[in-house]
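The residues making up each chain are set out below.
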Amino acid sequence: MRFITEFRRPELAEGLISQIHHKSKTAVRLMEFCGGHTVTIFRYGIRQALPKTLEMVSGPGCPVCVTANADLDKAIALSQIPDVIITTFGDMLKVPGSYSSLQEAKASGADVRVVYSTMDALKIAEENPDKSVVFLGIGFETTAPTIAASILMAQDKGIQNYHVLSLHKLCPPAIRAILDCGEVRLQGLICPGHVSVIIGSHPWESVARDYNIPCVISGFEPLDILQCISMLVAQVEKGESRVEIAYRRGVHPEGNREALKIMEQVFEPCPAQWRGMGEIPGSGLKLRGKYRHFDAELVFSIVPEPACEPEGCICGDILRGVKTPTDCLLFGKVCTPEHPVGPCMVSSEGSCSAYYLYGGSFGE
Amino acid sequence: MENRILLTHGSGGKLAHELVEKSFVKALANPLLAKLDDSAVFDLSGKLAFTTDSHVVSPIFYPGGDIGKLAVCGTVNDLAMSGAKPLYLSLAFIIEEGLLQDELDKIVNSIQKATKEAEVEIVTGDTKVVNRGSADKLFINTAGVGIIPQGVNISGSNARPGDKVILSGTIGEHGIAVLSQRQGLSFSTQLESDLAPLGSLVADMLAVSHNIHCLRDPTRGGLATILNELAEQSKVSIRINEEKIPVREEVLAACEMLGLDPLYIANEGKLVAIVPALDATKVLKAMRGNHYGKSAAVIGEVRAENPGRVIMKTSLGTSRIIDMLVGDPLPRIC
């Protein structure tokens, strides 16, 4: 089976679009939580194809975007310590913190290296025994297990100079926070695909029940998204609020048990700061006591300057779905992908970047 | 012990002469180069095209090519995109000390093969060796001259409303092949770089039409970026159709995995031609008759409204703006 072209077939898309038009009667607002979904929706101009009854809003599902400035400042402060090598996923490099970015720190001499997997970071630690290697643990449930695995491997191999700055975030608590504060009234959720590959569909059950909201897990191809929207619309019209999976080829209701096991073994939930949403209880992951010697925050004492936000940037409101990028006075003028002011313009999964690059709707 | 390039190889002394004689002049033999004067001296008449390009690709060997072949094809293709027949190239190396002599020989050998295929000659060159850490193994600069046939006027500002946009083949292979070999990102793929000299393809196209308006090779920044350049330079809009753009399934798969868009991935053996609608069919036919244009396709057309914009009709029938590449395409986190 072709896993890509098969899920982009125009004739099937057409069928799903007409199904959605046919079924949708009630005006509703749906949120795609995940930045990857936002990108697909824009890349394929899906908003243009939907009936007027459906309003789509983008959620906070971009790990780079939701990282608080105070946490970014910590990472930058760590990079200033002599003999520390910072290893990070490339997306983080350009994100402006309160005063600087990792990219600027690198240009001024800090040893910052882009890696594509935690195992590469571990290898750098092995190759540089006289230095300390800090991996920036940014990401959702998708990346947390790989970081847990790297810690277990470091433990196994007795690698002492590998540390993790754990800034991980958990998705279900964030969705609950958005629904709790009630700023945006939502009638349906497109639940994250890759995250659900790990956590399964069960964690969404209580969200659907507690908030009376249809939840459908989607993949990242245009047909996945259209299928998901069609299922959400069907639930809305029938007055149901259940969890369904529109991404069966990736998501099992139980999730990935192995991954969950090592995550549980290495991390425990903790409160976490989200950009735009403040502190959300139980939405972060910190290293359990047994692994504290891998925790960069405990090993290095860093006291960054108090964090501040760039003036005029509304990334926080955009992440909550309260505003859209075009509401921002900086968008496209002061803030562009070349000169980003806020993180949503930096990350390839950020809403502002998707709006900017794909131009929103541009009907014939 | 393996032979390595030393700082003294770049000093201009005996070792340097030996390196030039043994490694370069012998492999790239031609009468102009063999003279070893300070400059290559030759006669040329007509309208000339002159270009230069520096190559710093990492890794220096990748599936389907290496930095040597790239250095030749890059400059040959830049000349060809002006409609010129590429003739003579210069070749300058900046070598990091410690490079294996074997690796250098392999690269010179591949330069030789590429010049033969492209029917060009290396007529002058230079070698510098720098301290370890001051370069990444090997950088190569090439410059080239070529002659533009009479009556040919190709420029990025020549696109006119109504013109057809032709792409010479599938996109994204070079960028993905190179990425697949990057340290830390190694993933297995059958893909090879599309690296190729395009002089013969352009000659075949010019043989059927002297009315080609624009030619450009979608290298760094990919198809999306060069279409934007052309739209901007010509003050027109370009409408393309996603379904018409040939992309191999392996490229699509790698892009999905990494969170990249094939439209922004580099190519090294492809070109985009903008031609008057009347000539489109014969140019397309000529392209398909050449080895490097076998899967050429008309992917869109030039319009007058919204000058500077590139707009794509997606496979779902909706449309969206295609912008230039911003920064480096980075693999995603989640």
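Residues numbered from 1 in each chain as written. Chains lettered and ligands numbered in written order. Predicted model: local features only at pLDDT ≥ 70, side-chain atom pairs only at ≥ 80, totals over all residues. Heavy atoms only, no water.

I'm lost on the interface of chain B and chain A in this one. Help?
When the parts of a complex come together, some accessible area is lost, and that lost area is often taken as the interface size. Counting residues at the interface gives 31 residues for chain B, matched by 42 residues for chain A. Interface area, chain B with chain A, both sides summed: about 3,400 Å², of which 59% is carbon and sulfur. Counting every contact that joins chain B to chain A gives 2 salt bridges. The residue B:Glu256 makes a salt bridge to A:Arg8 at a minimum N-O spacing of 2.7 Å. Where chain B packs against chain A, one counts 6 residue pairs in polar contact (both at pLDDT 80 or more). For the side of chain B that touches chain A, the elements supplying multiple residues, two or more each, are helix H8 (249-258) and strand E13 (319-321) of chain B. If one sorts the elements of the side of chain B that touches chain A by residue count, H8(B) sits on top with 4 residues. The residue inventory of the side of chain B that touches chain A, partitioned by class, reads 14 nonpolar, 8 polar and 9 charged. (Contact = heavy atoms within 4.5 Å. Buried area = accessible area lost by both parts, 1.4 Å probe. Salt bridge = Lys/Arg side-chain N within 4 Å of Asp/Glu carboxyl O. Polar contact = N/O pair within 3.5 Å; in protein donor to acceptor, adjacent residues only side chain to side chain. Helix = DSSP H or I, 4+ residues; strand = E, 2+ residues; numbered from the N terminus. Nonpolar A, V, L, I, M, F, W, Y, C, P; charged D, E, K, R; others polar.)

How should the pattern of salt bridges be read in this particular structure?
As a working rule, side chains carrying opposite charge can pair if their charged atoms are close by. Evaluated as defined, the whole model comprises 34 salt bridges over all chains. Here A:Arg242 ties to A:Glu240 by a salt bridge, and the two come within 3.0 Å at their closest N and O atoms. Residue A:Glu240 is classed as partly exposed on the basis of its relative accessible area, which comes to 27%. One salt bridge connects A:Asp317 with A:Arg320, and the closest N-O pair in it is separated by 2.9 Å. Overall, A:Arg320 belongs to the buried group, its relative accessible area being 14%. Each of B:Lys164, B:Arg239, B:Glu301, B:Arg303 and B:Glu305 takes part in one network of salt bridges that share partners. (Buried < 20%, exposed > 50% of the residue type's maximum accessible area, 1.4 Å probe, protein only.)

Could you clarify how one ought to interpret the domain arrangement of chain A in this entry?
Residue and element names in this part refer to chain A. Each assigned domain of chain A is listed with its residue range as follows: domain 1 (1-313) and domain 2 (315-357). For domain 1 versus domain 2, the separation of C-alpha centres amounts to 17 Å. Domain 1 puts 29 residues into the contact, and the matching count from domain 2 is 23 residues. Taken together, the two surfaces of domain 1 and domain 2 that pack against each other cover about 2,200 Å², and 65% of this comes from carbon and sulfur. When the area that domain 1 buries against domain 2 is broken down by residue, the three leading residues are Cys65, Glu183 and Cys313, summing to 21%. Linking domain 1 with domain 2 are 1 salt bridge, by the criterion used here. Here Arg320 makes a salt bridge to Glu183, at a shortest N to O gap of 2.5 Å. Among the elements of the structure, helix H2 (35-43), strand E2 (54-61) and helix H4 (63-66) are those that each provide at least two residues to the side of domain 1 that touches domain 2. Looking at which element gives the most residues to the side of domain 1 that touches domain 2, the answer is H2, with 5 residues. (Domains from an automatic or database assignment.)

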